[in-house]
Amino acid sequence: ESADLEEAWIFVRGKTKEGEKITRWYEYGKNKSSEKATQLIPRKGLESFSDIDEISFYHLHPKDKFVRKMRVANTPSHNDFLSSLYIQKVLNSIKNLRINNYDFRIIAPIGIYKIKPPKKFDDKAIEAIVNYFEARLKYAAGFNELNDALDVIRDGGFEVELKKYE
């Protein structure tokens, strides 16, 4: 459900250049604290793959933030959406790598968000992130509903699903 520190992990299932089918977990959150983690994508590890059937980037929000900012902690931050675009750009820059399924997941108190960024990194996506920042603050202050904020980011081409905990 959460972690003591900001955490970031990558799950990869695919085939190596030698044809071996493998599954790997990589930690990509470095310099972790209760406030942030620096994302360092393990390019060398990913470059050992020729085909990736599934790659999911997991970001866990820390427990102490949940207590202090419960309503806002239920949502991905605008930086989470920027990270999903950045990661997609890094993945696209790895030569001779075919990726079938990529997503970015946020572990929050109410559930797990599954985010797929738009294929095109353009002004529409950036504008949606800026507008989402405001909509998220309104949600945190109780002025709108969670879906109102998520609809703003969806307008920028992001696919967002929330699977709530039971």
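Parameters and conventions
- Residues numbered from 1 in each chain as written.
- Predicted model: local features only at pLDDT ≥ 70, side-chain atom pairs only at ≥ 80, totals over all residues.
- Heavy atoms only, no water.
- Helix = DSSP H or I, 4+ residues; strand = E, 2+ residues; numbered from the N terminus.
- Buried < 20%, exposed > 50% of the residue type's maximum accessible area, 1.4 Å probe, protein only.
- Contact = heavy atoms within 4.5 Å.
- Areas by Shrake-Rupley, 256 points an atom, 1.4 Å probe, with all protein chains shown as cover.
- 1 Å grid on protein atoms, 1.4 Å probe; cavity = no way out; pocket = protein on both sides within 12 Å on 5 of 7 lines; lining within 4 Å.
- Points joined across faces, edges and corners; volume = space filled by probe spheres on them.
- Nonpolar A, V, L, I, M, F, W, Y, C, P; charged D, E, K, R; others polar.
- Core = buried A, V, L, I, M, F, W, Y, C linked by side-chain atoms within 4.5 Å.
- Axes fitted to C-alpha atoms, helices over the stretch in contact; angles between N-to-C directions.
- Parallel < 35°, antiparallel > 145°, perpendicular 65-115°, else oblique.
- Phe/Tyr/Trp six-rings, centres within 6.5 Å; stacked < 30°, edge-to-face > 60°.

### Some points on the overall build of the protein chain
At step 1: Broken down by element type, the protein chain carries 6 helices and 9 strands.
At step 2: Burial status across the protein chain gives 46% buried among its 166 residues.
At step 3: Counting only contacts in the protein chain whose residues sit at least 6 apart along the sequence, the fraction spanning at least 24 positions is 72%.
At step 4: Surface exposure of the protein chain reaches about 9300 Å², of which carbon and sulfur atoms provide 49%.

### Overview of the layout of surface pockets
At step 1: Roughly 300 Å³ of internal volume is contained in the second largest pocket.
At step 2: Lining of the second largest pocket is provided by 13 residues; of these, Gln88, Asn101, Tyr102, Pro117 and Lys119 occupy positions nearest its centre.
At step 3: Among the elements that line the lining of the second largest pocket, the one with the most residues is helix 4 (residues 78–93), at 3 residues.
At step 4: Residues of the lining of the second largest pocket, tallied by class, amount to 5 nonpolar, 5 polar and 3 charged.

### A look at the nonpolar core
At step 1: Judged by nonpolar contacts, the single largest core of 37 residues is most densely connected at Leu46, Ile55, Phe57 and Phe158.
At step 2: Contributions of two or more residues to this core are made by strand 1 (7–16), strand 2 (21–27), strand 5 (49–60), helix 4, strand 7 (102–108), strand 8 (111–116), helix 5 (123–140) and helix 6 (146–154).
At step 3: Residue contributions to this core peak at 6 residues, all from helix 5.
At step 4: With residues near it in sequence (within four places) discarded, leucine 46 still touches Val12, Tyr26, Ile41, Ile52, Ile55, Leu91, Ile94 and Leu97.

### Remarks on the packing of helix 5 against helix 6
At step 1: Between helix 5 and helix 6, the least distance of the axes is 8 Å, while the angle of their chain directions is 175°. With respect to each other, helix 5 and helix 6 are oriented roughly antiparallel. For the pair helix 5 and helix 6, contact is made by Ala128, Ile129, Asn131, Tyr132, Ala135, Arg136 and Tyr139 and by Leu146, Ala149, Leu150, Val152 and Ile153, respectively.

### Focus: the packing of aromatic side chains
At step 1: Counting across every chain of the model gives 6 aromatic pairs.
At step 2: Ring centres of tyrosine 28 and phenylalanine 57 lie 5.3 Å apart, and the angle between their planes is 85°; this geometry places the pair in the edge-to-face category. Taken together, the positions of tyrosine 28 in the loop between strand 2 and strand 3 (29–30) and phenylalanine 57 in strand 5 put the pair 29 residues apart, joining distant regions of the chain.
At step 3: The exposure class assigned to tyrosine 28 is buried, which follows from its relative accessible area of 0%.
At step 4: Among the residues examined, phenylalanine 57 registers a relative accessible area of 0% and is labelled buried.
At step 5: Look at phenylalanine 81 and phenylalanine 158: their rings are 5.2 Å apart centre to centre, the planes differ by 75°, and that puts the pair in the edge-to-face class.

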